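Report on the structure
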Amino acid sequence: MFTRVLIANRGEIALRIIRTCKKLGVKTVAIYSEADQNALHVQMADESYVVGPPRVQESYLNINKIIEIAKKSQVDAIHPGYGLLSENADFARRCQSEAIVFIGPKPEMIALMGEKVKARKAMKNAGFPVIPGTEVATEDEEELVQAISQLGYPIMLKASAGGGGIGMQKVENEGQLRKVFSSNQKRAEMFFGNGEMFAEKAIDRARHIEIQILADQKGDVVHLWERDCSVQRRNQKVVEESPSPFLDEELRRKMGKLATDAVKKLGYTNAGTIECLVDDEKQVYFLEMNTRLQVEHPVTEEITGIDLVEWQLRIAAGESLPFKQKDIKQQGHAIEVRIYAEDPKTFYPSPGTISNVHLPMADGIRHECAVEKGTVVTPYYDPMIAKLIAKGDSRSEAITKISTVLEQYRIEGIKTNIPMLLDVLSHPVFKAGEVTTAFVSDFHKKG
């Protein structure tokens, strides 16, 4: 096991990684921007170093400075968390060249899955069904228009190097495509440094279901069942749960086998998630693969009892998986809600100083929170500030638990999406387990 790990991240995920490192007796090194000097992850780490000014490009994305701090603090490994540099193949290569272990898959695999068209081809070759789409990514509007004429509308316009819904838009016809192509391409270029776009057939009112996998360096692979992430706003997840209320046992096992078979063929290592769309006829389609820890990983931990961060560390340190697929059971039901510093109706960020925080405790409740009284939520970073997770013996019990605690939850001084989350949890469509990716936009328009 490693002796010292640098955490190249911030907020709740940095705290989450620190917690597991402490459990394993691993020393932690935090980095922070000037805007985060009083952040909780800075206080909780064994050591902490300023990495740069508030702007993310000058701090948490500053590879040279992060590597400099890693060498200065003599760490064995770097954990990238999620977001930021977690799926940056150049960062993983740099760690490799500096003899620092990158806690994640090989740089080549990160690069492959980071280019969506190449990822589609790789997964198709590995036996995983893909959504019908264009075979090339391009910055040329006319080339894409021609390719889509063979595919047919409606389509989802997507950034080849994208993620998090950025540069993504549903397009109904050629006229609309010509109107939105340039703006989505510019967003892709700004966020990912790559303006190439491609298209997939739009699958309306699908379920967004993902499979969590672990793969060690000896080639053993297991899946840790699924998460249902269909409650989304602006193509970003808001509520996640496991097991999915939509899957039957046959489809659940089929998706797990598709995922593990594909991962073995790819030669993937460490933790990863294969994200899928599942239509009303229960046809499964590959959407993308995230080569990192997911925001929603706690729901998997709650139903399996497996610490995913721990196994990221152990696999990166060369340890083999001690459990087989038959050993991994789904026990109970878990739900996670993401708490954002944002207006619950417009979804616009709501920066400011937090004047009060109250996190109610109860059996089966887990808090992943990176703020406290006096914390300044800045406009520089993602507005997600906390996650609330509930586990129950049944789905209805989990819904009741999380709703009860959320009603008592207090983050004051800024706006949060808590009212919107309570609306979702109490909605009859959600309670019935019939949510699709169109759910939030449908009920938001009505409300």
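Summary of the structure given here. Here, residues in each chain are numbered from 1, in the same order as that chain's written sequence. Selection of residues for local features in this predicted model requires a pLDDT of at least 70, selection of side-chain atom pairs for listing and counting requires 80 or more, and totals for whole chains, interfaces and linings are taken over all residues. Neither water nor hydrogens contribute to the side-chain values; these are computed over all heavy atoms in the structure.

Of the regular secondary structure elements, the protein chain holds 15 helices and 20 strands. Atoms considered for the radius of gyration are the C-alpha atoms alone. The globule rule reads 2.2 Å times the number of residues to the power 0.38. For 447 residues, the compact-globule formula gives about 22 Å, and the C-alpha radius of gyration of the protein chain, at 21 Å, lands near that figure. When the backbone C-alpha atoms are referred to their principal axes, the protein chain occupies close to 55 × 50 × 45 Å. Sorting the 447 residues of the protein chain into buried and exposed places 57% on the buried side. Long-range contacts, defined as pairs at least 24 residues apart, comprise 66% of the intrachain contacts of the protein chain with a sequence gap of at least 6. Areas reported as accessible are Shrake-Rupley estimates using a 1.4 Å probe. Residue values count occlusion only from the protein chains shown. Total accessible area computed for the protein chain in this model is approximately 18,400 Å², and 48% of it derives from carbon and sulfur atoms. We count Lys and Arg on the positive side and Asp and Glu on the negative side, and we leave His and both chain ends out. By convention, the point assigned to a charge is CZ for Arg, NZ for Lys, CD for Glu and CG for Asp. Side chains of the protein chain carry 58 positive and 62 negative charges; the gap between the two charge centres is 1 Å. In DSSP terms, a helix is any run of H or I states spanning at least four residues, a strand is any run of E spanning at least two, and both are numbered starting from the N terminus. Only protein chains enter the calculation, and the probe is 1.4 Å; a residue is then buried if its accessible area is under 20% of its type maximum, exposed if over 50%, and partly exposed in between. In what follows, residue pairs with any heavy atoms lying within 4.5 Å of each other are defined as contacts.

Each Phe, Tyr or Trp ring, with Trp reduced to its six-membered ring, pairs with another whose centre is within 6.5 Å; inter-plane angles below 30 degrees give stacked pairs, above 60 give edge-to-face pairs, and intermediate values give tilted ones. Considering all chains together, one arrives at six aromatic pairs under this definition. Between Y60 and Y381 the ring centres are 5.6 Å apart and the planes differ by 80 degrees, which places this aromatic pair in the edge-to-face class. Linking Y60 in the loop between β3 (47-52) and α3 (63-72) with Y381 in the loop between β18 (376-377) and β19 (384-392), this pair joins segments that are 321 residues apart in sequence. Each of the two residues, Y60 as well as Y381, counts as buried. Ring geometry for Y380 versus Y381: centroids 6.1 Å apart, planes at 55 degrees, classification tilted. Joined through ring pairs, the aromatic side chains of Y60, Y380 and Y381 make up one cluster. In this arrangement the basic side chain of R233 is found over the ring face of Y340, its NZ or CZ atom lying 4.4 Å from the centre. The positively charged end of R314 is found above the aromatic ring belonging to W311, 5.7 Å away from the centroid. Should the NZ of a Lys or the CZ of an Arg lie within 6 Å of a ring centre and within 35 degrees of the ring normal, that charge is described as sitting over the ring.

Moving on: the pattern of salt bridges. A side-chain nitrogen of Lys or Arg and a carboxyl oxygen of Asp or Glu constitute a salt bridge if their distance falls within 4 Å. Under the definition given, this model contains 45 salt bridges. With a closest N to O distance of 3.4 Å, E115 and K118 form a salt bridge. Of the residues examined, E115 reaches a relative accessible area of 29% and is grouped as partly exposed. A single network of salt bridges, built from pairs that share partners, joins R16, R19, K23, E301, E302, D307, E310, R314, E319, R366 and E368.

In this section: unusual backbone geometry. A cis amide bond links Y153 to the next residue, P154, at an omega of 0 degrees. Its place among the elements puts P154 in the loop between α7 (141-151) and β6 (155-159). Between S242 and P243 the backbone carries a cis peptide bond, its omega angle lying at -5 degrees. By the element assignment, P243 lies in the loop between β11 (236-242) and α9 (249-266). Although it is not a glycine, L84 adopts a positive phi angle of roughly 45 degrees. Mapped onto the elements of the fold, L84 is located in the loop between β4 (77-79) and α4 (89-97). We classify L84 as partly exposed; its relative accessible area is 32%. Positive phi outside glycine occurs at A99, with the angle close to 60 degrees.

Spatially, β3-β2-β1-β4-β5 is the arrangement adopted by the five strands of the open sheet, whose pairing is parallel. The open sheet has two edge strands with one neighbour each: β3 and β5 (101-102). Think of each axis as a best-fit line through the C-alpha atoms, taken over the contacting stretch in the case of a helix, with angles from 0 to 180 degrees between the N-to-C directions. Each of β1 (4-7), β2 (27-33) and β4 is contacted by helix α1 (residues 11-24), which is oriented at about 170 degrees to β1, the strand it contacts most. A pair of strands is labelled paired if DSSP reports no fewer than 2 bridges between them.

All right, on to the sheet that holds strand β7 (residues 169-171) then. The three strands are arranged β7-β6-β8 in an open sheet whose pairing can be described as antiparallel. For this open sheet the edge positions go to β7 and β8 (197-201), each flanked by a neighbour on one side alone. Sheet twist, expressed as the mean angle between neighbouring strand axes with direction ignored, is 35 degrees. Its contacts with the sheet place α7 against β6 and β8, and it is angled at close to 10 degrees to β8.

Time to look at α4. Those residues of α4 that fall on the buried side of the exposure criterion are A89, F91, A92 and C95. Seen along its axis, α4 keeps its buried residues to an arc of 160 degrees; they face one direction. The residue sitting at the N-terminus of α4 and contributing the capping side-chain oxygen is N88; that oxygen lies 3.0 Å from the backbone nitrogen of D90. At the exit of α4 stands A99, carrying a positive phi of roughly 60 degrees. What the arc describes is the spread of directions from the helix axis to the C-beta atoms. For this analysis, a polar contact is any N or O atom pair within 3.5 Å, provided that within protein one partner can donate a hydrogen and the other can accept it, and provided that sequence-adjacent residues contribute only side-chain to side-chain pairs.

With that settled, the discussion passes to the packing of α4 against helix α5 (residues 107-114). One can describe the packing of α4 onto α5 by two numbers: an axis separation of 8 Å at closest approach and a directional angle of 175 degrees. If you check the angle between α4 and α5, you find them roughly antiparallel. For the pair α4 and α5, the contacting residues are A89, A92, R93 and Q96 in the first and P107, I110 and A111 in the second. Broken down by class, the residue content of the contact of α4 with α5 amounts to five nonpolar, one polar and one charged. Throughout, the term roughly parallel applies to angles under 35 degrees, roughly antiparallel to angles over 145, roughly perpendicular to angles from 65 to 115, and oblique to all others. Any residue that is not Ala, Val, Leu, Ile, Met, Phe, Trp, Tyr, Cys, Pro, Asp, Glu, Lys or Arg is counted as polar, Gly included; the first ten are nonpolar and the last four charged.

Within the secondary structure layout, G25 lies in the loop between α1 and β2. The exposure class assigned to G25 is exposed, which follows from its relative accessible area of 59%.

Okay, the environment of S355 next. With respect to the helices and strands, the residue S355 is situated in the loop between β15 (352-353) and β16 (356-358). In the structure, S355 is positioned 45 residues away from T400 in sequence and 28 Å away in space, judged by C-alpha atoms. Beyond its immediate chain neighbours, meaning those up to four positions away, S355 contacts K373, E412 and G413. In this structure the side chain of S355 is engaged in a polar contact, spanning 3.4 Å, whose partner is the backbone nitrogen of G413.

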